[in-house]
Amino acid sequence: MSTDPDTSGFQDVLRRASAGDELAWQQVVDAYGSRVYALLFSRCRNAELAEELTQSTFCTVVTKLSAYDEQGKFEPWLFRIAMNRLRDEMRRRGRHAVNVANDTLSTMETTPRIESDPGAGGEQQLELSRALREAVASLQESDQEILHLRHVSGLSFKQIAQVLQQPLGTVLARHFRAFKRLKEMMGVDEED
Amino acid sequence: MDQRPVQPEHTLSREPLGDDFTDRDRQFDQLISRTIGEVTSPPGLTDRVVAASLEELRRTTGPIPFPVGRVRTRSVAAQWLAMAACLGLLVAGGWLVMQSTAPRAATPTGGELVASDPMPVDVTPVAISPAAELVLLETSRPAAFDDLSPYVATRDLRFDDLSGDLVAVLDAIQNPVMGTYDLEFTP
């Protein structure tokens, strides 16, 4: 059974789920539950809250599934609901989605450069990952959203534009800006 | 559950970067994916999500439940008792109605009837003893006062009470299309 939302097979799964087929609904959750959780966890860094919001997202989806009729736009619709759930919760709690460490930018001073050698030491890789996470966390909220939707949820730029309800050109420009900023912070181009 | 799809969370196929990016950029992009894109879900996550959402699914897609009335089970004795109480109330009510509507027999005091026609009222104050007032009250007939009600109502009528109706009649005469009073006026 395909889980590609653009295929007729998955459309059939959605149709059966909206008609009350519990097995079909389970297929939908199996296909997207982890991705929704990963996105929410990346944004809030709280496992318990991420799972709670994941459940809330799918509860919302299942109640509105019968009204869903946009062929091939299930993923943007699903992740937009998840993002809205997160925003509502963060607004209720009165804080931003991601806790940005105060010393993030200061740690950038000691960030190891990206080495071309893939066989670098494990400790160095861990340090690199930590630095990259902090660099992402230091970006603007809107730029982080794009990176998380791309790298965590696996959405295309077109789908990201649909999730954020912004023009595709805006999303591409913001991604380019965030990517460039990350490269600067990680010293990617300095070796060239 | 053999139909459940198998999609490991690390097999996401991300859209490749465009031609504006270099190979080094693509390597860096892959590094970002490996670093922030790998999030391990807690075990049993999907099962819990399914369990939480299945109730909503059933409620959304299930048939609308009809409210089923409660089956009342009462003993036969209670039913007979309730029926007897109803009959008793019915008999008592009928007796009260008959008592209130039946013409009274001649009063023992033989007092005079109150005239139904309007009579000039003697406004001269008459001293009546409390005992005599009680006798008058007992011998008076409420029906006689009812006969005076048209005069009371007439006395309260004012021009404003009738002017609206008069205007409506005039409108109906001048404009039969209105049909206010269903009048057919032919000049």
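Residues numbered from 1 in each chain as written. Chains lettered and ligands numbered in written order. Predicted model: local features only at pLDDT ≥ 70, side-chain atom pairs only at ≥ 80, totals over all residues. Heavy atoms only, no water.

K.L.:
Can you lay out the overall build of chain A for me, pointing to particular residues and giving the numbers?
P.N.:
Scanning chain A from N- to C-terminus turns up nine helices and zero strands. In chain A, the order of α-helices and β-strands from amino to carboxyl end is α-α-α-α-α-α-α-α-α. Relative to its full complement of 192 residues, chain A shows a buried share of 53%. In the form shown here, chain A has an accessible surface area of approximately 8,700 Å², with 47% of it arising from carbon and sulfur atoms. (Helix = DSSP H or I, 4+ residues; strand = E, 2+ residues; numbered from the N terminus. Buried < 20%, exposed > 50% of the residue type's maximum accessible area, 1.4 Å probe, protein only. Areas by Shrake-Rupley, 256 points an atom, 1.4 Å probe, with all protein chains shown as cover.)

K.L.:
Please provide a residue-by-residue account of the overall build of chain B, values included.
P.N.:
Tallying secondary structure elements over chain B gives seven helices and zero strands in all. The N-to-C order of helical and strand elements in chain B reads α-α-α-α-α-α-α. Sorting the 187 residues of chain B into buried and exposed places 15% on the buried side. Considering only residue pairs separated by 6 or more positions, chain B has 38% of its internal contacts joining residues 24 or more positions apart. A total of about 15,600 Å² of accessible surface is found on chain B, and carbon and sulfur atoms cover 62% of it. (Contact = heavy atoms within 4.5 Å.)

K.L.:
Break down the nonpolar core for me, with residues and values.
P.N.:
Grouped together as the largest cluster of nonpolar side chains are 69 residues, with contacts concentrated most on W25(A), V28(A), Y32(A), L65(A), F74(A), L182(A) and F28(B). Per-element tally for this core: the top contributor is helix α2 (residues 22–44) of chain A, with 13 residues. Setting aside chain neighbours within four positions, we find W25(A) in contact with A17(A), F58(A), V61(A), V62(A), L65(A), S53(B), L54(B) and L57(B). (Core = buried A, V, L, I, M, F, W, Y, C linked by side-chain atoms within 4.5 Å.)

K.L.:
Can you tell me about the packing of aromatic side chains, naming the residues and giving the values?
P.N.:
Residues and elements named next belong to chain A. Under the counting rule described, the total for this entry stands at nine aromatic pairs over all chains. Where Y37 meets F41, the ring centres are 6.0 Å apart and the plane angle is 15 degrees; that geometry is what we call stacked. One end of the pair is Y37 and the other is F41, both in helix α2 and four residues apart, which spans about a single turn. For Y37, a relative accessible area of 3% corresponds to the buried category. Arranged with centres 5.9 Å apart and planes meeting at 55 degrees, the rings of F74 and W77 form a pair that is tilted. Taken together, the residues span about one helical turn, with F74 and W77 both in helix α4 (residues 74–93) at a distance of three residues. Taken together, the ring pairs connect F10, Y32, F74 and W77 into an aromatic cluster. (Phe/Tyr/Trp six-rings, centres within 6.5 Å; stacked < 30°, edge-to-face > 60°.)

K.L.:
Now, about the packing of α2(A) against helix α3 (residues 47–64) of chain A: what can you tell me, with residues and values included?
P.N.:
Residues and elements named next belong to chain A. Where α2 meets α3, the axes come as close as 8 Å, and the angle between the chain directions of the two elements is 140 degrees. Classified by the interaxial angle, the pair formed by α2 and α3 is oblique. In the packing of α2 onto α3, the handedness of the crossing is right-handed. When α2 is examined against α3, the residues W25, V28, V29, Y32, G33, V36, Y37, L40, F41 and C44 are found in contact with a partner set consisting of A47, L49, A50, E51, L53, T54, T57, F58, V61 and V62. Across the contact of α2 with α3, the residue classes tally to 16 nonpolar, three polar and one charged. (Axes fitted to C-alpha atoms, helices over the stretch in contact; angles between N-to-C directions. Parallel < 35°, antiparallel > 145°, perpendicular 65-115°, else oblique. Left-handed = near helix turned anticlockwise from the far one by under 90°. Nonpolar A, V, L, I, M, F, W, Y, C, P; charged D, E, K, R; others polar.)

K.L.:
So what's going on with the interface of chain A and chain B? Residues and values would help.
P.N.:
On the chain B side, the residues contacting the 55 residues of chain A number 41 residues. Buried surface at the junction of chain A and chain B, both sides included, amounts to about 4,500 Å², of which 65% is carbon and sulfur. The interface formed by chain A and chain B includes three salt bridges. A salt bridge links R150(A) to D29(B); its shortest N-O distance comes to 2.5 Å. Among the elements of the structure, α1 (8–18), α2, α3, α6 (122–137), α7 (141–151), α8 (157–164) and α9 (168–186) of chain A are those that each provide at least two residues to the side of chain A that touches chain B. The element best represented in the side of chain A that touches chain B is α2(A), accounting for 15 residues. Grouping the amino acids of the side of chain A that touches chain B by side-chain chemistry returns 25 nonpolar, 19 polar and eleven charged. (Buried area = accessible area lost by both parts, 1.4 Å probe. Salt bridge = Lys/Arg side-chain N within 4 Å of Asp/Glu carboxyl O.)

K.L.:
Run through the packing of α3(A) against α4(A), naming residues and quoting values.
P.N.:
Residues and elements named next belong to chain A. α4 packs onto α3 with a crossing angle of 130 degrees between their chain directions and a minimal axis gap of 9 Å. Of the possible angle classes, the one that applies to α3 and α4 is oblique. Helix-helix and strand crossings are classified by hand; for α3 and α4 the assignment is right-handed. Facing α3, whose interface residues are L49, L53, S56, T57, F58, T60, V61 and K64, α4 presents F74, W77, L78, I81, A82, R85, L86, E89, M90 and R93.

K.L.:
Just give me the short version of the confidence of the model for chain A, but keep the residues and values in it.
P.N.:
For chain A, per-residue confidence averages 80 on the pLDDT scale, and residues scoring 70 or more make up 78% of the total. Under a pLDDT of 50 for its full length, residues 99–118 of chain A has, in the predicted model, 38 contacts with residues more than four places off or in other chains. (pLDDT = per-residue confidence, 0-100.)

K.L.:
Give me the lowdown on the pattern of salt bridges, citing residues and values where you can.
P.N.:
Under the counting rule described, the total for this entry stands at 19 salt bridges over all chains. By sharing partners, the salt bridges in this structure join D12(A), R15(A), R16(A) and D21(A) into a single network.

K.L.:
Provide a residue-level description of a nonpolar patch on the surface, including the pertinent values.
P.N.:
A surface patch of nonpolar side chains, amounting to about 590 Å² of accessible area, comprises V76(B), W80(B), M83(B), L87(B) and L90(B). When you line up the elements, L90(B) lands in helix α3 (residues 76–101). (Patch = residues over 30% accessible without salt bridge, like charges linked within 9 Å, V, L, I, M, F, W, Y side chains within 5 Å.)

K.L.:
Explain α3(A) residue by residue, including any values.
P.N.:
Residues and elements named next belong to chain A. With 18 residues, α3 extends 26 Å from end C-alpha to end C-alpha; this agrees with the ideal 26 Å at 1.5 Å per step. Three or more residues of α3 are buried, namely L49, A50, E51, L53, T54, T57, F58, C59, T60, V61 and V62. One side-chain oxygen at the N-terminal end of α3 lies 3.1 Å from the backbone nitrogen of E48; it belongs to N46. (Expected span 1.5 Å × (residues − 1). Polar contact = N/O pair within 3.5 Å; in protein donor to acceptor, adjacent residues only side chain to side chain.)

K.L.:
So, the environment of E145(A): which residues are in play, and what are the values?
P.N.:
All names here are of chain A. When you line up the elements, E145 lands in helix α7. With 102 residues separating them along the chain, E145 and R43 place their C-alpha atoms 7.9 Å apart. Once you skip the residues sitting within four places of it in the chain, E145 turns out to touch R43, M83, R87, L164 and R174.

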